[in-house]
Amino acid sequence: FGSSISPQTIAPFSRHIPELVLAIMALMAGGFIVDDPLLLQALPRQLPLQLMAYLEGTWIGHGVGEYPPHVPRFQYIHELTIEKAVPHGPRELVWSFRSVCRHRETQEGLQSEQGFLRFHPMYINQGRVELVCTQPSGLTEVSEGTYTEDSFDVSSRYDGLTRPGSASRPYVTGVRRWLEIRPQTVPAMTMEYRVEMATERTPMQQHLLSRLQKQA
């Protein structure tokens with residue numbers, strides 16, 4: 001930035017310039033160069049996401065749901081599975097998730113959804129995250145927000161909710177999701193996961209609150 005590089009500085013590396021160009025092209029295409037230490041030192045490295053190192057796997061626990069005045073309080077069993085999506089690589093930091101909630105007493109299925117998490121690192125263990133989620137009802141959510149090494153917070157925006165013509169009212173108009181990992185918990189890592197929701201008739205308020213434990 002404003003400083004010049006002399007020919008003498010470039011000379012020792014000049015014979016590697018073609019390889020460097022090819023290596024950078026391969027990296028952009030999702031390839032890996034592992035046979036030339038000099039090239040490896042010249043390429044940017046994507047640090048692993050600590051949050052996803054924690055999150056990847058299966059989580060099971062209990063939760064409480066409600067949505068006054070329409071839905072009275074209920075308790076449920078929550079199972080959440082997170083795994084690497086396809087494609088996945090240094091330039092495709094994408095994970096898929098599946099979530100199922102069942103009534104705690106009757107085991108009746110209450111809600112399910114699946115989707116993807118896309119990460120855009122800005123600093124070490126910090127950056128932007130996008131969430132895409134669909135439900136059997138046809139409601140589709142696109143939310144955006146931020147993440148840290150042990151949490152993320154996303155909300156729907158820019159008309160980020162769509163639904164089929166058969167959807168019944170009141171329509172959902174906004175969703176916010178917040179998650180926090182407690183990696184220091186023993187004997188197993190725990191998670192607190194909260195979903196807030198707004199509709200045509202009600203303001204944004206808490207809908208689901210789960211406390212989950214990571215399975216071995």
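About the thresholds
- Residues numbered from 1 in each chain as written.
- Predicted model: local features only at pLDDT ≥ 70, side-chain atom pairs only at ≥ 80, totals over all residues.
- Heavy atoms only, no water.
- Helix = DSSP H or I, 4+ residues; strand = E, 2+ residues; numbered from the N terminus.
- Polar contact = N/O pair within 3.5 Å; in protein donor to acceptor, adjacent residues only side chain to side chain.
- Contact = heavy atoms within 4.5 Å.
- Phe/Tyr/Trp six-rings, centres within 6.5 Å; stacked < 30°, edge-to-face > 60°.
- Lys NZ or Arg CZ within 6 Å of the ring centre and 35° of its normal.
- Core = buried A, V, L, I, M, F, W, Y, C linked by side-chain atoms within 4.5 Å.
- Buried < 20%, exposed > 50% of the residue type's maximum accessible area, 1.4 Å probe, protein only.
- Pairing = 2+ DSSP bridges.

> Give me the lowdown on the side chain of His78, citing residues and values where you can.
With respect to the helices and strands, the residue His78 is situated in strand β2 (residues 71-84). A polar atom in the side chain of His78 sits 2.8 Å from the side chain of Ser210. Dropping the residues within four chain positions of it, His78 is found in contact with Trp59, Ile60, Gly61, Ser99, Val100, Cys101, Tyr193, Ser210 and Leu212.

> Mind laying out the packing of aromatic side chains, listing which residues take part and the relevant values?
Centre distance and the angle of the planes are the two values used to describe a pair of aromatic rings. Per the stated rule, a full pass over the model turns up 3 aromatic pairs. Ring plane angle 45° and centroid distance 5.9 Å describe the contact between Phe74 and Tyr76, whose orientation is recorded as tilted. Geometrically, the ring pair formed by Phe119 and Tyr147 is edge-to-face, given 5.0 Å between the ring centres and 85° between the ring planes. Taken as a pair, Phe119 in strand β4 (residues 109-123) and Tyr147 in strand β6 (residues 140-147) lie far apart in primary sequence, 28 residues in all. By the ring-pair criterion, three or more aromatic residues cluster together here, those being Trp95, Phe119 and Tyr147. The ring of Tyr171 carries Arg163 above its face, with NZ or CZ at 4.5 Å from the centroid.

> Which residues make up the nonpolar core, and what values do they have?
One finds Met52, Leu55, Phe119, Phe152, Ile181 and Met191 to be the most contacted residues of the largest nonpolar core, which totals 35 residues. The contact partners of Leu55, leaving out residues within four places of it in the chain, are Ile82, Phe152, Leu179, Ile181 and Met191.

> So what about the side chain of Gln205? Which residues, and what values?
You can see Gln205 is positioned in strand β10 (residues 205-214). A distance of 3.2 Å separates the side chain of Gln205 from the backbone oxygen of Pro68, its partner in a polar contact. If we ignore the near neighbours within four places in the chain, the residues touching Gln205 are Tyr67, Pro68, Val195, Glu196 and Met197.

> So what about the pairing of β2? Which residues, and what values?
Bridge count for strand β1 (residues 57-67) against β2 is 10 bridges, and the pairing is antiparallel. Looking across to β2, one finds that Gly63 is bridged to Tyr76. The hairpin formed by β1 and β2 contains 3 residues between the paired strands. Pairing between β2 and strand β3 (residues 94-103): 9 bridges, direction antiparallel. Bridge pairing links Thr81 to Arg98 in β3.

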